[in-house]
Amino acid sequence: MTILDGKKTADDIKNEITAQVTIMKSNGEKVPHLAAIIVGNDGASLTYVGSKVKACERVGFESTMVKLPSTTSETELLNKIKELNQNDDIDGFIIQLPLPIQIDTQKVLMAVDPTKDVDGFHPENFGKMALDMTTFIPATPFGILELLERYNVETQGKHTVVIGRSHIVGRPMSILMGRKGFPGNSTVTLTHSYTKNIAQITTQADIIITALGVPNYLKAEMVKDGAVVIDVGITRVADDSTEKGYRITGDVDFEFVSKKASFITPVPGGVGPMTIAMLLKNTLLAREQRKARN
Ligand code: GUN
């Protein structure tokens, strides 16, 4: 069994990006600038955005965090997005999800300039992704592809089962694994809350990608020997023995599933760090594309 080490791989990617930023600086070029909007005070979201800003500093990017109160109206948020769209210094920006209930998420995501949409959530970019065109691939699926590629995990002709059809992970992942090329060329089953007898499907999977947010959901008896298991779950579970009072738990019952898997991602230290590294990669791409256009 091989651990797909997302922490190490993300560090490698960040070092590669740092090297490119160093060249940009020595050429007197503008460095990439990422902005992140966060609405409200959700603890997990604040942690994620904080990590994204910290990652920017590490690789030499500029970053801007826009913190808005939980009472922000849709119009106010749309105005802020307009501002970032028009700000020539910003190469890319993200709106951390989920948003408060008074805001229509889809409407907000559609307001983002697709050339600055480094999360790849705008329908134009999502459509391009589905059509094999060059675009911003959503950071978490992009990170999973990168892990599979760097560890040379065979995907061609394999049966990939994706659990969860979220717009951020499951849906794009199901499209990407079926695309032509590597990683891809997989036969994909996308399962969700209405799927019947899910264990019957997962036990036939060569590759399982679970993005459900239910701690320890995937048990050893749901996995065949030698399967590749990718765990996208990051749920905070109360734990008084830790300093923070919680621990991060994945969707996979790691202790037992890891005994059957050929490759597996740990939580934490698997997909999570990759998401941030790929957001940086998309921001670098956004900068390069802006430079080529101007
Ligand atoms: N919330 C959970 N994952 C993500 C992500 O990848 N991007 C954004 N913007 N919000 C998220």
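Scroll up for the structure.
Note that this is a predicted model, so its numbers are computed, not measured.

### Concerning the sheet that holds strand β1 (residues 2-3)
Here comes step 1: Judged by pairing direction, the sheet is parallel, and its six strands sit side by side in the order β1-β11-β8-β7-β5-β6 without closing on themselves. The outermost strands of the open sheet, each flanked by one partner alone, are β1 and β6 (187-191).
Here comes step 2: Relative to strand β11 (residues 263-264), β1 runs parallel, the two being bridged by two bridges. Looking at β11, one finds that T2 is bridged to F263.
Here comes step 3: Each of β5 (159-163), β6 and β7 (207-210) is contacted by helix α7 (residues 170-178), which is oriented at about 170° to β6, the strand it contacts most.

### Let's talk about the nonpolar core
Here comes step 1: Of all hydrophobic cores here, the largest spans 50 residues; its most connected members are I17, F61, I144, I209, I230 and V232.
Here comes step 2: Setting aside residues no more than four positions away along its own chain, I230 makes contact with L4, I144, L148, I208, I209, T210, T265 and V271.
Here comes step 3: In terms of nonpolar packing, the next biggest core, distinct from the first, is built from 18 residues, A35, L77, F93 and L97 among them.

### Structural notes on the environment of A19
Here comes step 1: Among the structural elements, A19 can be located in helix α1 (residues 6-26).
Here comes step 2: Judged by its relative accessible area of 42%, A19 is partly exposed.
Here comes step 3: Sequence separation between A19 and T71 is 52 residues, and the spatial gap between their C-alpha atoms is 41 Å.

### Structural notes on the pattern of salt bridges
Here comes step 1: For the structure shown, the criterion picks out 19 salt bridges.
Here comes step 2: With a shortest N-O distance of 3.3 Å, E29 and K291 are connected by a salt bridge. Residue E29 is located in the loop between α1 and β2 (33-39), and its partner K291 is located in helix α10 (residues 271-293); the two are separated by 262 residues in the primary sequence.
Here comes step 3: K291 sits in the partly exposed class, given a relative accessible area of 45%.
Here comes step 4: The partner of K281 in a salt bridge is E146, with the nearest N and O atoms 3.6 Å apart.

### Observations concerning the site of the ligand
Here comes step 1: Within the structure, the ligand sits among K52, I95, Q96, L97, D119 and F121.
Here comes step 2: One nitrogen or oxygen atom from the side chain of Q96 is found 3.3 Å from a nitrogen atom belonging to the ligand.
Here comes step 3: L97 is positioned such that a nitrogen or oxygen atom in its backbone is 2.9 Å from a nitrogen atom of the ligand.
Here comes step 4: Contact with the protein chains removes 83% of the 280 Å² of surface that the ligand exposes when unbound.
Here comes step 5: Here the residues of the shell around the ligand are counted per class, giving three nonpolar, one polar and two charged.

### Some thoughts on unusual backbone geometry
Here comes step 1: Looking along the chain, the bond that leaves F182 and enters P183 is cis, with omega of -10°.
Here comes step 2: Topologically, P183 is positioned in the loop between α7 and β6.
Here comes step 3: We note that N185 has phi near 55°; this positive angle belongs to a residue other than glycine.
Here comes step 4: Assignment of secondary structure puts N185 in the loop between α7 and β6.
Here comes step 5: Look at N185 and you get partly exposed, because its relative accessible area is 28%.

About the thresholds
- Residues numbered from 1 in each chain as written.
- Predicted model: local features only at pLDDT ≥ 70, side-chain atom pairs only at ≥ 80, totals over all residues.
- Heavy atoms only, no water.
- Pairing = 2+ DSSP bridges.
- Helix = DSSP H or I, 4+ residues; strand = E, 2+ residues; numbered from the N terminus.
- Contact = heavy atoms within 4.5 Å.
- Axes fitted to C-alpha atoms, helices over the stretch in contact; angles between N-to-C directions.
- Core = buried A, V, L, I, M, F, W, Y, C linked by side-chain atoms within 4.5 Å.
- Buried < 20%, exposed > 50% of the residue type's maximum accessible area, 1.4 Å probe, protein only.
- Salt bridge = Lys/Arg side-chain N within 4 Å of Asp/Glu carboxyl O.
- Near = heavy atom within 4 Å.
- Polar contact = N/O pair within 3.5 Å; in protein donor to acceptor, adjacent residues only side chain to side chain.
- Areas by Shrake-Rupley, 256 points an atom, 1.4 Å probe, with all protein chains shown as cover.
- Nonpolar A, V, L, I, M, F, W, Y, C, P; charged D, E, K, R; others polar.

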